[in-house]
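Coordinate analysis (summary)
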Amino acid sequence: MEQNLKRKLSGERLAELQGVFNSVDKNRNGVLSMNELATVFNLMGITDNTTIKAIIGRWDMMSTGKVSFQDFVKIMEQGDLDSPETKDVKDKEFIRNAFSAFDTNKDGFITRDELKVVLEQMGHVTESEVTTLLQEADSNKDNKIDIEEFVQVMSKRS
């Protein structure tokens, strides 16, 4: 990753972006496909495929249709001129939107079934993967994920 970008971002922010990247990199190949990136942009409120392709094209210098972690950081930080307060508000809104996408019945918790449905929409997922993700996120062991647990998972380093 470019040194100036590394210096510019805090370790906490890089860890948060790495967590988001890893959670969306369904096939764990280290790059995000158009479909995987669409998931992130949809959570941010960007749903138009033409817009998503334009954003990806701006950073996809090799024209592969895929985005590396370094390019993902650049995409996510393109609005980095925002004040820290504005950036914090945007980050919180992103996490709330992501949480809401999983919390389909809007009860403030992500159940195993909700997690499975959303992950299936993102691609093939096994029962074992759903169970593992729930166990990793459910720190208080109540068999559901609350917003605090979700935030922790989203910012966890892999």
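In this section: the side chain of Asp 138. Counting through the fold element by element, Asp 138 comes out in the loop between α8 (127–137) and β4 (144–145). Of note is the side chain of Asp 138, whose polar atom sits 2.7 Å from the backbone nitrogen of Asn 143. Leaving out residues up to four positions away in the same chain, Asp 138 has contacts with Asn 143, Lys 144 and Glu 149.

Considered for burial, the residues of helix α9 (residues 147–154) that qualify are Glu 149, Phe 150 and Met 154. The arc that holds every buried residue of α9, seen down its axis, measures 135 degrees, which confines them to one face. In α9, those exposed residues whose orientation departs by more than 90 degrees from the buried face are Glu 148 and Gln 152. For α9, the capping residue at the N-terminal end is Asp 146, with a side-chain oxygen 3.1 Å from the backbone nitrogen of Glu 148.

Regarding helix α7 (residues 112–122), the residues found buried are Glu 114, Leu 115, Val 118 and Leu 119. Each buried residue of α7 lies within a common arc of 125 degrees when the element is viewed along its axis, so the set occupies one face. Exposed side of α7, more than 90 degrees from the buried face: Asp 113 and Gln 121 are the residues found there.

Scoring rules and cut-offs
Residues numbered from 1 in each chain as written. Predicted model: local features only at pLDDT ≥ 70, side-chain atom pairs only at ≥ 80, totals over all residues. Heavy atoms only, no water. Helix = DSSP H or I, 4+ residues; strand = E, 2+ residues; numbered from the N terminus. Polar contact = N/O pair within 3.5 Å; in protein donor to acceptor, adjacent residues only side chain to side chain. Contact = heavy atoms within 4.5 Å. Buried < 20%, exposed > 50% of the residue type's maximum accessible area, 1.4 Å probe, protein only. Arc of directions from axis to C-beta.

The quantities given are spatial measurements derived from coordinates; they are silent on function.
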